[in-house]
Amino acid sequence: MAQMRALLLVFLLALRTSYSFYVPGVAPIDFHQNHPVEIKAVKLTSSRTQLPYEYYSLPFCRPKKIEYKAENLGEVLRGDRIVNTPYNLHMNVGKKCEVLCEKPNKPVRFKVTESSLVVERIREEYYVHLIADNLPVATRLEFYPNHDDNDKKKEKEVQFEHGYRLGFIDNNKFYLHNHLSFIIYYHKEEIEKDQEPTYRVVRFEVVPQSVKYEDLKTDEEGNCILPEATGSLPQEIDPNKENDVLFTYSVRWEGSVLKWASRWDTYLTMSDVQIHWFSIVNSVVVVFFLSGILSMIIIRTLRKDIANYNREDDIEDTMEESGWKLVHGDVFRPPHYPMILSSLLGSGIQLFCMILIVIIVAMLGMLSPSSRGALMTTACFLFMFMGLFGGYFAGRLYRTLKGHRWRKGAFCTATLYPSIVFGLCFVLNCFIWGKHSSGAVPFPTMLALLCMWFGISLPLVYLGYYFGFRKQPYDNPVRTNQIPRQVPEQRWYMNKFVGILMAGILPFGAMFIELFFIFSAIWENQFYYLFGFLFLVFIILVVSCSQISIVMVYFQLCAEDYRWWWRTFLVSGGSAFYVLVYAIFYFVNKLDIVEFIPSLLYFGYTTLMVLSFWLLTGTIGFYAAYMFIRKIYAAVKID
């Protein structure tokens, strides 16, 4: 009982880390009064185009020397290009209005090409992403929960959207947000009497405004006076001519009781937690439903079957019965293309190990969004290193299936799935290059990924494959006949495509709510950090895939069809078909993508996600079915 309590406590703590905001290894930065606080730009993003651009792709004011931060692999793949900006901020020193560029009385003149580019970005609804002390800027949105005019005393709901809008459209005219009002919240740390007070940045907000250049009054020192809100006009950008724009900003500092360890609350509590709990409850109900089917139909029927098959006094009647025992001499007959099957299953094992470790590490709070790009970097390296396990399982299965060319099998395992991923990503990357987007992976990074593939993953797959192939093959409980048994004609509902539709719907039903949040994080630039829930959903997915795979293979063997190897792999991955259908639904109903290249990117990356998900769920179902078949045939007496 004490062990159960301890396990429950650990589990609840793990769930709690879904909302934890302290990251091991990330130390807070203490600022003293008047110390500089650097504002950096990350990128420009739009959910309409899915193409990030670096900050200085538009004619913003530039500092004297542009310095780019050295990005990790994940940041490069995400399209982040972190660069310094000319914003001049000092801790706890407010500014009413200051001109951003070097020449205070001279505006920035947009050329016609620059004006049309800015207008195009505004039309495409681009957001600008800045960071201060590694904390992303957010725009506050206030609204009433419902539009009931009679109840004026209702509290406003506050939400935050990442970044700020580049501009807006009104009556087919385009306006640029050229004045930024920064509101930075700080937490004053407790200190001893004689020490200088220290401050920590805990929130970074911005209120973007559009102010016409002629309405801004400036002096020689770079100070400016904003016009009254009622009498000012916004800064229009005409795409067909040159435009004069004055970039200005103001700074307001406010104290906050929020501590540094909880400063990511604003960004990580944007989604409704109740929906996630509903998702978990929904998934648990699906699993219990499947478990009920498994226990009532299969276990009871199996016990009856095994008891009948093992009766020694009525052997002749037993032999006349139809059922799964009749195919015992063929059920372990090696399938067609065993090398490809074992290679795909090896890649599935790689994906399974990588996803499981990433979710666990993220659930423990070590892959926080504050560690920018850490999640993707970790996933890439883990997939490479998990090649050892993928190669081992693929090699042992290949030997079990009477394979002999282990070197070719190891090469196939190491290159089949990764080459599909790399080839498709390279083609998509060419289109992104053509759009001059920062989302395009630079050529040196592509070379580095290739070196990781052939320098880390390939040798590890060969090593694992060698030991797996040398290991004793899986011990099948019955011998395989020399002459294959004829498979009787199957009913329509035993068709593999019908099986895919039937087997995929329940695992997909267990996870589709969480899938919505994952899609929102990927395609709408949201933060996803509810890895405690994701871990639960992943466990439920593994259980449901295993159960439905066992049910489907049992019905197949009862129909005297022993060709289960490929079919189980395909059918168990049936939920990937529903992920594809959901992705199409999400594209049509949730995203506002109309151009060709963004649509190509969406469906290209969705294809990779669906393929990976099929490998993952197919591998889970295959091994569950294989263990089940070995178990039931070991329980009957074979003459």
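Above this note sits the structure.
Residues numbered from 1 in each chain as written. Predicted model: local features only at pLDDT ≥ 70, side-chain atom pairs only at ≥ 80, totals over all residues. Heavy atoms only, no water.

Comments concerning the state of the cysteines
Thinking step 1. Counted under the stated rule, the structure contains two disulfides.
Thinking step 2. If one numbers only the bonded cysteines of the protein chain, in the order they occur, the disulfide pattern is 1-3, 2-4.
Thinking step 3. Take C425: it sits in no disulfide, and the sulfur closest to it among the cysteines is that of C380, at 9.6 Å.
Thinking step 4. For C425, a relative accessible area of 27% translates into the label partly exposed. (Disulfide = S-S within 2.5 Å. Buried < 20%, exposed > 50% of the residue type's maximum accessible area, 1.4 Å probe, protein only.)

Quick notes on unusual backbone geometry
Thinking step 1. One non-glycine residue, N172, lies in positive phi territory at about 60°.
Thinking step 2. Take N172: it is sitting in the loop between β13 (167-170) and β14 (173-176).
Thinking step 3. Given the relative accessible area of 73%, N172 is considered exposed.
Thinking step 4. If you check the backbone angles, Y337 has positive phi at about 50° while not being a glycine. (Helix = DSSP H or I, 4+ residues; strand = E, 2+ residues; numbered from the N terminus.)

Let's talk about the packing of aromatic side chains
What characterises a pair of aromatic rings is the spacing of the ring centres plus the angle enclosed by the ring planes.
Thinking step 1. With the rule as written, the count across this model stands at 49 aromatic pairs.
Thinking step 2. A network of ring pairs unites the aromatic residues F332, Y392, F393, Y474, W564, W565, F622, Y623, Y626 and Y633 as a single cluster.
Thinking step 3. Stacked on the ring of Y126, the Lys or Arg R121 has its end atom at 5.5 Å from the ring centre.
Thinking step 4. The positively charged end of R203 is found above the aromatic ring belonging to Y185, 5.2 Å away from the centroid. (Phe/Tyr/Trp six-rings, centres within 6.5 Å; stacked < 30°, edge-to-face > 60°. Lys NZ or Arg CZ within 6 Å of the ring centre and 35° of its normal.)

A short note on the side chain of S343
Thinking step 1. Its location among the elements puts S343 in helix α7 (residues 338-363).
Thinking step 2. According to the relative accessible area criterion, S343 is buried, its value standing at 1%.
Thinking step 3. Apart from the residues lying within four places of it in its own chain, the contact partners of S343 are G409, C412, T413 and L416. (Contact = heavy atoms within 4.5 Å.)

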